[in-house]
Amino acid sequence: MLVRKVAKGTADASVQPAMTRAQSQQAMDNGQDVVKNLPGNALLLGEMGIGNTSSAALLLARLTGLDIEVCTGAGTGLDAPAVQRKTLVLREVLARHPGATAPLDALAALGGFEIATMVGAVLQAAYERRVVVVDGFIASAAVLVAHALQPLVLQRCVFAHRSGERGHEFMLQHLGVQALLDLGLRLGEGSGAALAWPLLQSACTVLR
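What counts, and at which threshold
- Per chain, residue numbering runs from 1 following the sequence as it is written.
- Local features are withheld for residues below a pLDDT of 70 in this predicted model, meaning they are given only at 70 or higher, and side-chain atom pairs are given and counted only at 80 or more; totals for whole chains, interfaces and linings count all residues.
- Computation of side-chain values: all heavy atoms of the structure, hydrogens and water removed.
- Per the convention used, a helix needs a DSSP run of H or I reaching at least four residues, while a strand needs a run of E reaching at least two, with both numbered from the N terminus.
- Restricting the calculation to C-alpha atoms gives the radius of gyration, and the globule rule supplies 2.2 Å times the number of residues raised to the power 0.38.
- Each residue's exposure class comes from its accessible area (1.4 Å probe, protein chains only) as a fraction of the maximum for that residue type: buried when under 20%, exposed when over 50%, partly exposed otherwise.
- Contacts are assigned to residue pairs that have any heavy atoms within 4.5 Å of one another.
- Every accessible area reported is derived by Shrake-Rupley at a probe size of 1.4 Å, with residue values counting cover from the shown protein chains alone.
- By the counting rule applied here, Lys and Arg register as positive and Asp and Glu as negative, while His and the ends of each chain are not counted.
- Positions of charges follow a simple convention, taking NZ of Lys, CZ of Arg, CG of Asp or CD of Glu.
- In protein, a polar contact requires one atom able to donate a hydrogen and another able to accept it; more generally it is a pair of N or O atoms within 3.5 Å, and residues adjacent in sequence count only if both atoms are side-chain atoms.
- An expected span of 1.5 Å times one less than the residue number is assigned to each helix.
- To be clear, the arc concerns the directions from the helix axis to the C-beta atoms.
- What counts as a salt bridge is simple: a side-chain nitrogen of Lys or Arg found within 4 Å of a carboxyl oxygen of Asp or Glu.
- Convention adopted: a line fitted to C-alpha atoms gives each axis, helices being fitted over their contacting stretch, and angles between N-to-C directions are expressed from 0 to 180 degrees.
- Just so you know how the angles are binned, under 35 degrees is roughly parallel, over 145 roughly antiparallel, 65 to 115 roughly perpendicular, and the rest oblique.
- The residue classification treats Ala, Val, Leu, Ile, Met, Phe, Trp, Tyr, Cys and Pro as nonpolar and Asp, Glu, Lys and Arg as charged. All others, Gly included, are polar.

What follows is about the overall build of the chain. Along its length, the chain carries nine helices and three strands. When its helices and strands are written in sequence order, the chain yields α-β-α-α-α-α-α-β-α-β-α-α. Over its C-alpha trace the chain gives a radius of gyration of 16 Å, about what one expects of a compact globule, namely 17 Å for 208 residues. The C-alpha extent of the chain, read off along each of the three principal axes, is 55 × 35 × 30 Å. Relative to its 208 residues, the chain shows a buried fraction of 47%. By sequence separation, contacts in the chain at least 24 residues apart represent 71% of the contacts at least 6 residues apart. Looking at the chain as shown, the accessible area adds up to about 10400 Å², and 55% of this sits on carbon and sulfur atoms. Here the chain contributes 17 positively and 16 negatively charged side chains, and the mean placements of these two sets differ by 5 Å.

Structure below.
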């Protein structure tokens, strides 16, 4: 197990930026360093966290111009009134950071350490010409930021599955990509990437 903790948690984005630019950069550097030391030619992305569907929705809204309402979903199982409340809170967060429009500024203001770490990992993996197997909504948010910084990263990405989280479909549409699987999965945690991996192995076998 590798420990690359930047801090015990991000700040409250409804009050201040979630991360300083230095913290965001440190997390990205961590992701790059981890990939540099990995064997093989592929990277399967996954994440674990609480509240990070909010960060992903915020990044989707800010970087694509979509209204936050269409970007926001139930997360770990909110009912309809709770989703409405979540949407209201996230709209207020966006209003608090009107100047955070550039990709790195948006990442620092609205993202999380895990997303910033995955941004660095995606950029490094693409630079090394590895295949990047992207899991669900949160991992795709990292690719969204990486794509805004370097559009050619998409050449290295395979999107494993379309998440049941509402905003993921719009994120995939914005990137112009199609996911391999649509199984109604809500969790990320690398589960979709792991399910898609045998399909990629089979495709390579057939091509050979």
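As a further point, take unusual backbone geometry. One non-glycine residue, Arg-129, lies in positive phi territory at about 60°. Counting through the fold element by element, Arg-129 comes out in the loop between α6 (113-127) and β2 (131-134). Residue Arg-129 is classed as exposed on the basis of its relative accessible area of 61%.

Tracing the sequence through the fold places Ser-163 in the loop between β3 (157-159) and α8 (166-175). You can call Ser-163 buried: its relative accessible area is 7%. A polar atom in the side chain of Ser-163 sits 2.9 Å from the backbone nitrogen of Glu-165. Those residues in contact with Ser-163 that lie beyond four places of it in its chain are Phe-137, His-168, Leu-185 and Arg-186.

It is worth spelling out helix α1 (residues 21-36) at this point. With 16 residues, α1 extends 22 Å between its outermost C-alpha atoms, agreeing within 8% with the 22 Å of an ideal straight helix rising 1.5 Å per residue. Regarding α1, the residues found buried are Ser-24, Ala-27, Met-28, Asn-30, Gly-31 and Val-35. Angular distribution of buried residues about the axis of α1 spans 150°; they occupy a single face of the element. Residues of α1 that are buried sit in contact with β1 (42-44), α5 (103-110), α6 and α7 (137-149).

Taking 1.5 Å of rise per residue, the 17 residues of helix α4 (residues 80-96) would be expected to cover 24 Å, and the 25 Å separating its terminal C-alpha atoms lies within 8% of that figure. In this structure, the buried side of α4 is in contact with α2 (52-64), α3 (68-71) and α5.

Quick look at the pattern of salt bridges now. Counting across every chain of the model gives six salt bridges. Asp-67 is the salt-bridge partner of Arg-91, the closest N and O atoms lying 3.0 Å from each other. Of this pair, Arg-91 sits in helix α4 while Asp-67 sits in the loop between α2 and α3, and the two are 24 residues apart along the sequence. On the basis of relative accessible area, Asp-67 is assigned to the partly exposed category, the value being 37%. Linking Arg-162 and Glu-169 is a salt bridge whose minimum nitrogen-to-oxygen distance equals 3.7 Å. Each of the salt bridges in this network shares a partner with another, and the network as a whole consists of Arg-162, Glu-169 and Asp-182.

For the rest of this paragraph, the subject is the packing of α5 against α7. Contact geometry for α5 and α7: axes closest at 9 Å, N-to-C directions at 155°. Viewed along their axes, α5 and α7 adopt a mutual orientation that is roughly antiparallel. Residues Pro-103, Leu-104 and Leu-107 of α5 form the contact with α7, whose own contacting residues are Val-145, Ala-148 and Leu-149. Of the residues assigned to the contact of α5 with α7, the class counts are six nonpolar, no polar and no charged.

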